[in-house]
Amino acid sequence: MTNKTKKILGIVLKITILLLVVWVLYHKLNNHRNLIEFKRLMHDLGTDTVTITLSVIMFLMFANWFLEAVKWRYLCRYIEPISLWKAVQSVFCGLTWAVFTPNRIGEYGGRVMFLRARKRISGAVAMGVGALAQLVLTSVAGSLSIAWFVNRFFDIGFWAGAGLWLLAGTYAGFFLMLYFNVKWINTWVKYIAFLRKFHRFFEVLTRYTRKELAVIFLNSLARFVIFTSQYCILMLIIIPDIEFLPMLLMVFILFFVQAALPTLDLFDFGVRSVTASYLYEHITDQDIAVMAIASCIWFINLILPAILGSVFVLKINFFGDTNH
């Protein structure tokens, strides 16, 4: 393929991605009832409260993705050193790709396109380390919260309840052990036929020390606290009489369900809304408000950054270094 052909194909791919993003966002957001309901709920709170609340939520969104960019740059240290600004661009570009791919798998492709072509597969593996850290937190908090939820709201008996706590604790412990021994994955790849030929790309996993993994884990914990805080702030503002601890634990369960079910970011509001409505009906009758809050968080944390990231799609060079 000649350079001219690559250039033309690259332009076509960029335009296709942008048009696809614009089309699906327009059709999905144009009549999104939960966002309309959220607007009504916020209108009833008064201008000052709305301005301050949404400003805080937006600030937390940017802080969340800035921390992810810092983590991505840290993960790339053994692959290809990148600037913080380049890390920010790649993170937002990845969010744009994530919009129309199952379980946000496109986020990997959009992000690693900012690395040199021969470094992209290793970059995807390194990105997986960061994703695993986030998944560990979601799994630990979610599994323990599910054990609490079932024991509190369902009459399953003492021994079944104790068994559920044991199962949740074992599940959480497994994920923690796997994360801090992530190099095991490099060994396992050798025994998986279709992955064996990519073994050399997984060797980057052996380079991260437990101290470095702890740094990545703490970064992920900070992000976890941030997007948990977004839910808590909106719920305490819109449903002030809700119990704090049950509300918090159900947020953890909501994160767990979202991570476990494959879906598209564009349709994720359906999963979030239905799950949130079912969980919170046990502690509040404001199910419409809960669904509206879940949809607002979905829009601010995923869809808005995806729109912003569409600008950086134009900087991608699909066939080589993005600096050219």
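Residues numbered from 1 in each chain as written. Predicted model: local features only at pLDDT ≥ 70, side-chain atom pairs only at ≥ 80, totals over all residues. Heavy atoms only, no water.

A. Expanded view of the side chain of Ser-310. Here Ser-310 shows up in helix H14 (residues 287-313). Using a relative accessible area of 18% as the deciding quantity, one classes Ser-310 as buried. (Helix = DSSP H or I, 4+ residues; strand = E, 2+ residues; numbered from the N terminus. Buried < 20%, exposed > 50% of the residue type's maximum accessible area, 1.4 Å probe, protein only.)

B. Representation of the packing of helix H11 (residues 210-238) against H14 in the model. At a minimum axis distance of 10 Å, the contact between H11 and H14 shows a crossing angle of 140 degrees. In this structure, H11 crosses over H14, and the sense of that crossing is right-handed. Note on element contacts: H14 touches H11 through Ala-289, Val-290, Ile-293, Ala-294, Cys-296, Ile-297 and Asn-301, opposite Phe-227, Gln-230, Tyr-231, Leu-234, Met-235 and Ile-238. A class-by-class count of the residues in the contact of H11 with H14 yields 11 nonpolar, 2 polar and no charged. (Axes fitted to C-alpha atoms, helices over the stretch in contact; angles between N-to-C directions. Left-handed = near helix turned anticlockwise from the far one by under 90°. Contact = heavy atoms within 4.5 Å. Nonpolar A, V, L, I, M, F, W, Y, C, P; charged D, E, K, R; others polar.)

C. Main features of the confidence of the model for the protein. Here the protein shows a mean pLDDT of 83. Residues at 70 or above account for 82%. Across the protein, H11 holds the top mean pLDDT of 95, while helix H2 (residues 33-43) sits lowest at 63. (pLDDT = per-residue confidence, 0-100.)

D. Examining the packing of aromatic side chains more closely. One pass over the full model with this rule turns up 19 aromatic pairs. Between Phe-149 and Phe-153, the aromatic rings sit 5.1 Å apart at their centres with planes inclined by 50 degrees, giving tilted as the arrangement. Pair noted here: Phe-149 and Phe-153 are both in helix H6 (residues 120-153), with a separation of 4 residues, about one helical turn. Since its relative accessible area comes to 23%, Phe-153 is described here as partly exposed. Where Trp-184 meets Trp-188, the ring centres are 6.4 Å apart and the plane angle is 45 degrees; that geometry is what we call tilted. Of this pair, Trp-184 and Trp-188 both sit in helix H8 (residues 183-189), 4 residues apart, roughly one helical turn. Under the relative-accessibility criterion, Trp-188 is labelled partly exposed at 42%. (Phe/Tyr/Trp six-rings, centres within 6.5 Å; stacked < 30°, edge-to-face > 60°.)

E. Quick look at the environment of Ile-226. Of note, Ile-226 is situated in helix H11. Judged by its relative accessible area of 11%, Ile-226 is buried. Residues Ile-226 and Met-61, spaced 165 residues apart in sequence, show a C-alpha to C-alpha distance of 7.9 Å. Not counting chain neighbours up to four residues away, the residues in contact with Ile-226 comprise Leu-60, Ala-63, Asn-64 and Leu-67.

F. Representation of a negative patch on the surface in the model. Where like charges cluster on the molecular surface, the negative patch consists of Asp-241, Glu-281, Asp-285 and Asp-287. Turning to its location among the elements, Asp-241 is positioned in the loop between H11 and helix H12 (244-260). A relative accessible area of 67% places Asp-241 in the exposed class. (Patch = residues over 30% accessible without salt bridge, like charges linked within 9 Å, V, L, I, M, F, W, Y side chains within 5 Å. Areas by Shrake-Rupley, 256 points an atom, 1.4 Å probe, with all protein chains shown as cover. Salt bridge = Lys/Arg side-chain N within 4 Å of Asp/Glu carboxyl O. Lys, Arg positive; Asp, Glu negative; His and termini not counted. Charge placed at Lys NZ, Arg CZ, Asp CG, Glu CD.)

G. View of the nonpolar core. By size, the foremost hydrophobic cluster in this structure holds 81 residues, and its most contacted members are Trp-72, Val-129, Tyr-179, Tyr-231, Tyr-280 and Ile-293. Elements with a minimum of two residues in this core: helix H3 (47-75), helix H4 (84-98), H6, helix H7 (158-179), H11, H12, helix H13 (268-280) and H14. Considering every element that reaches this core, the biggest residue donor is H14, with 13 residues. Apart from residues no more than four positions distant in its own chain, Val-129 is found in contact with Leu-75, Tyr-179, Val-182, Leu-205, Tyr-208, Leu-213 and Ile-216. (Core = buried A, V, L, I, M, F, W, Y, C linked by side-chain atoms within 4.5 Å.)

H. Representation of the pattern of salt bridges in the model. Tallied over the entire structure, the rule returns 8 salt bridges. Taking the shortest distance from any N to any O, the salt bridge between Lys-71 and Glu-68 comes out at 3.2 Å. One end of the pair is Lys-71 and the other is Glu-68, both in helix H3 and 3 residues apart, which spans about a single turn. For the pair formed by Lys-71 and Glu-68, the shared burial category is buried. One salt bridge in this structure joins Arg-152 and Glu-243, with 3.7 Å as the shortest N-O distance. Highlighted residues: Arg-152 in helix H6 and Glu-243 in the loop between H11 and H12, separated in sequence by 91 residues. Judged by its relative accessible area of 43%, Arg-152 is partly exposed. Note on Glu-243: relative accessible area 41%, which makes it partly exposed. A cluster of three or more residues bridged by salt bridges with shared partners is formed by Glu-68, Lys-71, Glu-107, Arg-111 and Arg-223.

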